[in-house]
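Each chain, letter by letter, is given below.
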Amino acid sequence: FAQGNAASINSKSPNEVLEEEFQGADYVSNVGDYVVFPTMEDFLKEVVSFAQVRKKGADISVRLYYRYEKSVIFYKQDPIYIIDGVMTSSTAKFLSIKPEDLLSIKIIYNPNKLSQLGSLGQYGIIFIECILITSGIESQCEKIRNRSSA
């Protein structure tokens, strides 16, 4: 999918500076390598390691986890999402993004890397890089980017 739209893909990741600050992501998923899932929730459940979608009644959350020695440690709250360089704590905004609009998802869950951010990053970071849409129809990624600059 993404390879066929090479002209519409960002040539430089808007998250690159932040990713380099943490010596790269702990997990990378190039969305174009997979079947397109209808929702972000489905994509996370089927493809993205170290992330889990949880539902309790009407509430929905995303929890990152990591393996430490022989155990698995789950973070207690939702991570921070950085969508094309725009930071948000809104899981609803993150889950509203269609996987077909994504180029990649990168996750930092290593507590040693996250400690650089103090309490801001204590539950992990999910970096989203979106495909640059040239059709004139505003994607959810573009809505998030545009609202942050307003």
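Everything that follows concerns the structure shown earlier in this document.
Description of the structure in this document. The structure displayed is predicted, hence computed values, not measured ones.

Tracing the chain through its elements places isoleucine 80 in strand E5 (residues 80-83). What makes isoleucine 80 buried here is its relative accessible area of 14%. In the structure, isoleucine 80 is positioned 40 residues away from leucine 120 in sequence and 7.7 Å away in space, judged by C-alpha atoms. Residues contacting isoleucine 80, with those up to four places away along its chain left out, are Met87, Thr88, Ser89, Leu120, Gly124, Ile125 and Ile126.

Quick look at the sheet that holds E5 now. Across the sheet, which stays open at both edges, the five strands sit in the order E1-E7-E8-E5-E6 with mixed pairing between neighbours. Every interior strand has two partners, whereas the edge strands, strand E1 (27-30) and strand E6 (86-88), have only one. Going across the sheet, the axis of each strand differs from the next one's by a mean of 15°, ignoring polarity. Bridge analysis of strand E7 (residues 102-108) against strand E8 (residues 125-130) gives six bridges, and the strand direction is antiparallel. Across the sheet, isoleucine 108 pairs through a bridge with isoleucine 125, a residue of E8.

Ordered in space as E2-E3-E4, the three strands form an open sheet in which the pairing is antiparallel. Pairing within the sheet leaves two strands with one partner each, and these edge strands are strand E2 (51-56) and strand E4 (71-74). When strand polarity is set aside, the average angle formed by the axes of neighbouring strands in this sheet is 35°. Of the pairings in the sheet, the one linking strand E3 (residues 59-68) to E4 comprises four bridges and is antiparallel in character. The residue bridging tyrosine 66 from the neighbouring strand is isoleucine 73, located in E4.

How each quantity is defined
- Residues numbered from 1 in each chain as written.
- Predicted model: local features only at pLDDT ≥ 70, side-chain atom pairs only at ≥ 80, totals over all residues.
- Heavy atoms only, no water.
- Helix = DSSP H or I, 4+ residues; strand = E, 2+ residues; numbered from the N terminus.
- Buried < 20%, exposed > 50% of the residue type's maximum accessible area, 1.4 Å probe, protein only.
- Contact = heavy atoms within 4.5 Å.
- Pairing = 2+ DSSP bridges.
- Axes fitted to C-alpha atoms, helices over the stretch in contact; angles between N-to-C directions.

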